[in-house]
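Take a look at the letters that make up each chain.
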Amino acid sequence: MTRSNDMVAEALREFAELLSIAGEDQFRVRAYEKAARAVAEDPVAVDGLDEKALDDIPGVGSHIAAKIRELLSTGRIGDLDDLRARVPAGLRVLLDVPGLGPRRARQVYEELGIASLPELLDALHAERLRTLRGWGPASEENLRVAIGQAQQAGARMQIDVALDVAEGLVEGMRRCPAVDLVTYAGSLRRMCETIGDIDLLVASTRPADAMDAFATSPLVANVSARGSTKCTATTTKGVHVDLRVVAPQVWGAALLYFTGSKAHNIHLRRIAQHLGLKLSEYGLERIDTSSSVAAATEEEIYGHLGMPWIPPTLREDRGEIQAALHDDLPRLVETKDIRGDLHVHTDLTDGLASLEDMVDAARRHRYRYVAITDHAPLLHMERMTDEKALAQRRVLRTLQPKAGLTLLHGSELNIQPDGSLDWDDEFLAGFDVLVASIHSHFTMSRDEMSKRLIRAIEHPAVNIIGHPTARSIGHRPPIEFDAEAVFEVAARAGTALEINSFPDRLDLNDELARLAQDHGVVFAISTDAHSTRHLDNIRYGVATAQRGWIRPENVINTWPLGKLRTFFAKGGRR
Ligand code: DGT
Ligand code: CA
Ligand code: CA
Ligand code: ZN
């Protein structure tokens with residue numbers, strides 16, 4: 001018998017748990033729990049039933065029957081997506097962890113302040129989860145197994161998980177005397193939005209010693225294959241690693257090869273052939289005499305192919321090779337160009353840290369300015385009010401004299417299905433900066449969705465559209481709209497589009513950002529921080545911008561404050 005019932009029951013249970021996290025009415029929560037049990041225990045397979053028959057299952061009302069029918073025919077429940085989208089960003093990434101579940105995700109978030117996957121994996125590894133109420137060594141082990149199984153199933157990693165592991169491995173290898181050079185290559189060096197496996201590259205004249213150091217590293221759990229220069233292993237956090245050891249004199253050729261992308265490599269090889277050269281992981285050599293032309297550094301190899309060094313974030317064969325040949329590579333925005341974060345939450349709504357702590361953290365980043373943008377009232381579960389917003393503004397003003405950076409008071413508004421926003425125009429005018437985002441109703445016609453976005457973009461108080469496509473990597477597809485039309489309006493209206501740095505968002509993504517830049521759009525690279533640690537995520541937003549060929553002058557938070565304030569005024573006064 002089919003177990004569509006299990007799938008449905010699971011979704012209903014998640015619905016109940018998210019309603020409970022959102023602080024919704026207990027009757028509604030219990031109605032979903034009851035329906036989940038009823039479906040799980042019903043001997044009849046639900047996937048053959050129509051709405052009427054579903055309604056007849058004891059414990060399932062007409063409202064929930066309609067949701068079940070929606071799930072069975074479309075594979076999703078729109079309201080469940082909305083509910084997931086409304087949970088705090090840091091908690092959201094925990095909800096996606098296999099084997100954790102909403103209740104425990106919230107417990108970990110609230111009691112340990114864990115708001116990212118690397119932090120969760122650290123806690124699991126340090127056996128800190130078992131100290132929580134209701135947990136023990138067995139539940140830690142179950143979680144470890146569930147995460148490991150998901151990884152074996154070919155699931156790609158979030159970039160922050162991969163980078164955390166890779167940086168630990170590189171640091172460890174650097175301490176080994178047999179290691180001359182070490183770095184990570186592959187999709188991680190290109191800063192792709194998700195990572196299949198980590199490719200670690202080492203230059204050494206004593207490969208066996210270097211491989212021993214890797215195999216016995218405390219971060220490596222299990223070596224599955226070992227040759228004389230190649231090794232495949234799994235780390236203690238369940239991450240797959242390919243290690244290659246090469247001679248120092250071919251470092252550049254190997255780094256180029258193993259960084260990829262494959263398409264970039266193939267295009268380079270074609271160019272080499274036209275020049276009578278052969279490019280491989282061992283170097284660039286002449287086809288006729290097989291004598292080596294270059295191998296030690298990437299710069300030399302690119303140089304002999306007639307181009308400057310190409311940054312790894314561009315190596316996707318999306319025009320970077322032609323641009324390099326014409327010495328026309330874009331200057332790319334870098335993390336050091338970023339002067340402030342324009343999307344930050346505090347514990348006034350769903351953040352973990354206080355206003356004071358977030359301001360301190362922004363100062364530690366040596367920012368010149370930071371915008372505090374807590375959620376607005378229409379995201380009901382956050383219970384924002386006019387009074388709370390004004391009180392926060394007063395506190396912000398009292399912190400200003402000793403802050404060491406400019407504190408901007410903002411908010412993250414909710415774009416309604418018709419494009420309208422929270423608060424009236426007079427109240428909105430009191431903010432220094434406003435982000436407007438879509439947090440619900442992700443499925444509308446392309447035409448209606450475009451109108452919705454355009455209305456928000458054209459609002460005179462809106463400065464930035466937050467996470468414009470509202471996607472959640474691996475979970476929710478981007479919303480559909482006429483990108484070119486929307487970008488044209490954004491460019492004309494003086495509304496920036498966000499490149500959200502959250503590892504499961506990266507929104508706009510690289511390709512859309514590039515298209516937007518071509519239409520004259522400017523960007524805010526922001527973290528959407530819900531904890532002090534999240535401010536570090538800026539590197540993922542910057543990398544996404546680089547992959548979209550974004551130049552620093554088109555990123556508003558590289559601008560000095562005066563220019564930024566003029567932009568925020570949108571031609572009027574603010
Ligand atoms: P991933 O791991 O799926 O996120 O993506 P990559 O790009 O890290 O791919 P991976 O780990 O399979 O290989 C690492 C690099 O090695 C890849 O970016 C380019 C290079 N490479 C692998 N296989 C080939 C190949 O058949 N031809 C060429 N030209 N390069 C390859
Ligand atoms: Ca890889
Ligand atoms: Ca690999
Ligand atoms: Zn936000």
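Within every chain, residues take consecutive numbers counted from 1 along the sequence as written. By the order in which they are written, chains take letters starting at A while ligands take numbers starting at 1. Only residues with pLDDT of at least 70 get local features here, since the model is predicted, and only at 80 or more are side-chain atom pairs given and counted; chain-wide, interface and lining totals rely on the full set of residues. Calculated side-chain values reflect all of the structure's heavy atoms, with hydrogen atoms and water omitted.

## Remarks on the overall build of the chain
Counting its regular elements, the chain contains 24 helices and 17 strands. Atoms counted for the radius of gyration: C-alpha only. Globule rule: 2.2 Å times the number of residues to the power 0.38. The globule rule puts the C-alpha radius of gyration for 574 residues at 25 Å, and the 26 Å found for the chain is close to it. When the backbone C-alpha atoms are referred to their principal axes, the chain occupies close to 80 × 65 × 45 Å. In the chain, which comprises 574 residues, the share counted as buried stands at 56%. Whether two residues touch is decided by their heavy atoms; if any such pair falls within 4.5 Å, the residues are in contact. In the chain, once contacts between residues fewer than 6 apart in sequence are set aside, the share between residues at least 24 apart is 68%. Just so you have it, the chain exposes about 24100 Å², and 50% of that area is on carbon and sulfur atoms. Counting rule for charge: Lys and Arg are taken as positive, Asp and Glu as negative, and neither His nor the chain ends is counted. Here the site of a charge means NZ on Lys, CZ on Arg, CG on Asp, or CD on Glu. With 68 positive and 83 negative side-chain charges, the chain shows a separation of 3 Å between the mean positions of the two kinds. Note on conventions: DSSP H or I runs of at least 4 residues are helices, E runs of at least 2 residues are strands, and numbering of each starts at the N terminus. Any residue under 20% of the maximum accessible area for its type is buried, any over 50% is exposed, and the rest in between are partly exposed; the area is computed with a 1.4 Å probe on protein chains only. Exposure was quantified through the Shrake-Rupley algorithm and a 1.4 Å probe, taking into account, for residues, occlusion by the shown protein chains and nothing else.

## Side note on the coordination of the calcium ion (ligand 3)
Only nitrogen, oxygen and sulfur atoms qualify as donors, provided they sit within 2.8 Å of the metal or within 3.2 Å for Na, K and Ca; with water excluded from the atoms, sites may seem incomplete. Surrounding the calcium ion (ligand 3) are the protein donor atoms Asp197 (OD), Asp197 (OD), Asp199 (OD) and Asp242 (OD), at 2.3 to 2.7 Å. If you list the donors of the calcium ion (ligand 3) from N- to C-terminus, the spacing comes out as D-x1-D-x42-D. Separating the calcium ion (ligand 3) from the calcium ion (ligand 2) is a distance of 3.6 Å, and Asp197 supplies a donor atom to each of them. Here Asp199, found in strand S4 (residues 198–203), pairs with Asp242, found in strand S7 (residues 240–246); they are 43 residues apart in sequence, far enough to count as distant. Residue classification places Asp199 among the buried residues on the basis of a relative accessible area of 13%.

## Overview of the sheet that holds strand S5 (residues 220–226)
For two strands to be treated as a pair, DSSP must find at least two bridges joining them. Read from one edge to the other, the open sheet built from 5 strands follows the order S2-S4-S7-S6-S5, with strand pairing classed as mixed. Each edge of the open sheet carries a strand with a single partner, namely strand S2 (181–184) and S5. Adjacent strand axes in the sheet meet at a mean angle of 25 degrees when their direction is disregarded. Bridge count between S5 and strand S6 (residues 230–235): 5 bridges; the pairing is antiparallel. Looking at the pairing, Val223 lines up with Ala233 of S6. To get an axis, fit a line to the C-alpha atoms, keeping to the stretch in contact for a helix; angles then go from 0 to 180 degrees between the N-to-C directions.

## A few points about the coordination of the calcium ion (ligand 2)
Bound to the calcium ion (ligand 2) are the protein donor atoms Asp197 (O), Asp197 (OD) and Asp199 (OD), situated 2.2 to 2.6 Å from the metal. In this structure, the calcium ion (ligand 2) is surrounded by 6 donor atoms whose angles at the metal cover 68 to 164 degrees, and the resulting shape is irregular. Note on geometry labels: four donors, all angles 85 to 135 degrees, give tetrahedral; four donors become square planar and six octahedral when opposite donors are over 155 degrees apart and every other angle is between 65 and 115; remaining cases are irregular.

## Brief notes about the nonpolar core
Within the largest apolar cluster, 87 residues are counted, with the highest numbers of intra-cluster contacts made by Leu12, Val60, Leu94, Leu129, Leu200 and Phe214. Apart from residues no more than four positions distant in its own chain, Val60 is found in contact with Ala35, Ala38, Val39, Leu54, Asp55, Ala65 and Ile68. Buried Ala, Val, Leu, Ile, Met, Phe, Trp, Tyr and Cys residues form a nonpolar core when they are joined through side-chain atoms within 4.5 Å.

## Some thoughts on a negative patch on the surface
Taken together, the side chains of Asp386, Glu387, Asp424, Asp425 and Glu426 present a region of like negative charge at the surface. Counting only elements with at least two residues in the negative patch, the list comes to helix H18 (386–403) and helix H19 (425–428). With respect to the element layout, Glu426 can be found in helix H19. Without a salt bridge and with relative accessible area above 30%, a residue can belong to a patch; like charges are then joined within 9 Å and nonpolar side chains (Val, Leu, Ile, Met, Phe, Trp, Tyr) within 5 Å. Counted as salt bridges are all cases of a side-chain nitrogen of Lys or Arg within 4 Å of a carboxyl oxygen of Asp or Glu.

## Section: the environment of Pro308
Tracing the backbone shows Pro308 in the loop between helix H15 (298–304) and helix H16 (320–325). On the basis of relative accessibility, which here comes to 31%, the residue Pro308 falls in the partly exposed class. Spatially, the C-alpha atom of Pro308 lies 9.6 Å from that of Asp328, the residues being 20 residues apart in sequence. In this structure, Pro308 is in contact with Tyr302, Ala324, Asp327 and Leu329, ignoring residues within four places of it in sequence.

## Remarks on the packing of aromatic side chains
Classification of ring pairs rests on two measures: the distance between centres of Phe, Tyr or Trp rings, Trp counted by its six-membered ring, which must be within 6.5 Å, and the angle between planes, read as stacked under 30 degrees, edge-to-face over 60 and tilted in between. Summed over all chains, the structure comprises 7 aromatic pairs. Look at Phe427 and Phe431: their rings are 5.9 Å apart centre to centre, the planes differ by 70 degrees, and that puts the pair in the edge-to-face class. For Phe431, a relative accessible area of 1% translates into the label buried. One aromatic cluster in this structure is built from Trp423, Phe427 and Phe431. Placement of a charge over a ring requires the Lys NZ or Arg CZ to be within 6 Å of the ring centre, with the centre-to-atom vector within 35 degrees of the ring normal. The lysine or arginine in question, Arg30, covers the ring of Phe27, its NZ or CZ lying 5.8 Å from the ring centre.

## A look at the sheet that holds strand S12 (residues 369–375)
Strand order in the open sheet formed by 7 strands is S11-S12-S13-S14-S15-S16-S17, with parallel pairing between adjacent strands. The sheet is open, and its two edges are formed by strand S11 (340–344) and strand S17 (523–526), each paired on a single side. Averaged over neighbouring strand pairs, the angle between their axes works out to 25 degrees when direction is ignored. In this sheet, strand S14 (residues 433–437) lies alongside strand S13 (residues 406–414) in parallel orientation, the contact comprising 5 bridges. Its bridge partner lying in S14, Gly410 is registered against Val433. Against the sheet, helix H24 (residues 561–568) makes contact with S11, S12, S13, S14 and strand S16 (496–500), and its axis sits at roughly 30 degrees relative to S13, the strand it touches most.

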